[in-house]
Amino acid sequence: QVQLVESGGGLVQAGGSLRLSCAASGRTFSSYTMGWFRQAPGKEREFVAAITWSRSVTYYSNSVKGRFTISGDNAKMTVYLQMNSLKAEDTAVYYCAAVLGASKVTVQGLYDFWGQGTQVTVSS
């Protein structure tokens, strides 16, 4: 079992930055690939970024590549999402998720555990 708690969301102006954190509990955290997803109002939840269990390989959606950075610290059992050059279209609830192993990291249905989400609002 892995419990996930996101934090760091808030209101920011376009062009600004935020760093989201996802704190995990559970003894096997280092075995999990971690992902960030987001859901904007009226839209489907979508993949944002993922980092493999080794914390050495990262994946990004085209919409955030070059602006967002995912990282992880197994000792702290925390995954981060640094978001720079934020745009109004980045406004969404951001969710952290965990999947055992590193399979198709963009497929949200494969993830085993989810956090409750944190709201990010970007004003234009």
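This write-up is about the structure you can find in this document. (Residues numbered from 1 in each chain as written. Predicted model: local features only at pLDDT ≥ 70, side-chain atom pairs only at ≥ 80, totals over all residues. Heavy atoms only, no water.)

**Thoughts on the overall build of the protein**
What counts is decided by this rule: Under the DSSP-based scheme used, a helix requires at least four consecutive residues in state H or I and a strand at least two consecutive residues in state E, with every element numbered from the N terminus. Atoms considered for the radius of gyration are the C-alpha atoms alone. The globule rule reads 2.2 Å times the number of residues to the power 0.38. Relative accessibility under 20% of the residue-type maximum defines a buried residue, over 50% an exposed one, and the middle range a partly exposed one, all with a 1.4 Å probe and only protein chains included. Residues are treated as being in contact if the distance between any of their heavy atoms lies within 4.5 Å. We score Asp and Glu as negative and Lys and Arg as positive, and we do not count His or the chain ends. For charged residues, the charge sits on one atom: NZ in Lys, CZ in Arg, CG in Asp, CD in Glu.
Each helix and strand in the protein was counted, giving zero helices and eleven strands. The N-to-C order of helical and strand elements in the protein reads β-β-β-β-β-β-β-β-β-β-β. Its C-alpha radius of gyration of 13 Å places the protein within 12% of the 14 Å reference for a compact globule of 124 residues. Principal axes of the C-alpha set define a box for the protein whose edges measure 40 × 25 × 25 Å. Expressed as a percentage of its 124 residues, the buried residues of the protein come to 44%. Restricting to contacts in the protein with at least 6 residues of sequence separation, those with at least 24 account for 58%. Charge-centre separation for the protein: the mean point of 11 positive side chains lies 5 Å from the mean point of 7 negative side chains.

**Overview of the layout of surface pockets**
Threshold: Detection works on a 1 Å grid of protein atoms alone, calling trapped sets that fit a 1.4 Å probe cavities and calling open sets with protein on both sides within 12 Å along at least five of seven lines pockets, with lining residues defined by an atom within 4 Å of a point. Grid points are joined across faces, edges and corners, and a volume is the space filled by probe spheres set on the points. Ten residues, namely Ala, Val, Leu, Ile, Met, Phe, Trp, Tyr, Cys and Pro, are considered nonpolar, four, namely Asp, Glu, Lys and Arg, are considered charged, and the remaining ones, Gly among them, are considered polar.
Looking at the largest pocket, its volume works out to about 160 Å³. Counted by class, the lining of the largest pocket contains two nonpolar, three polar and eight charged residues.

**So, the pattern of salt bridges**
What counts, and what does not: Here, a salt bridge means any side-chain nitrogen of Lys or Arg that lies within 4 Å of a carboxyl oxygen of Asp or Glu.
Per the stated rule, a full pass over the model turns up three salt bridges. Residue Asp 90 is joined to Arg 38 by a salt bridge in which the shortest nitrogen-to-oxygen separation is 2.9 Å. Highlighted residues: Asp 90 in the loop between β8 (78-83) and β9 (92-100) and Arg 38 in strand β4 (residues 32-39), separated in sequence by 52 residues. The pair formed by Asp 90 and Arg 38 is uniform in burial state, with each residue classed as buried. Note that Asp 90 and Arg 67 form a salt bridge whose closest N and O atoms lie 2.8 Å from each other. With Asp 90 in the loop between β8 and β9 and Arg 67 in the loop between β6 (58-60) and β7 (68-73), this residue pair connects regions lying 23 residues apart in the sequence. Assigned by exposure class, Asp 90 and Arg 67 land together as buried.

**Some details on the nonpolar core**
As a reminder of what qualifies: Put simply, buried Ala, Val, Leu, Ile, Met, Phe, Trp, Tyr and Cys residues joined by side-chain atoms within 4.5 Å make one nonpolar core.
By size, the foremost hydrophobic cluster in this structure holds 30 residues, and its most contacted members are Leu 4, Met 34, Trp 36, Leu 81, Met 83 and Tyr 94. Of all the elements in the fold, those that place two or more residues in this core are β3 (18-25), β4, β5 (46-51), β7, β8, β9 and β11 (118-123).

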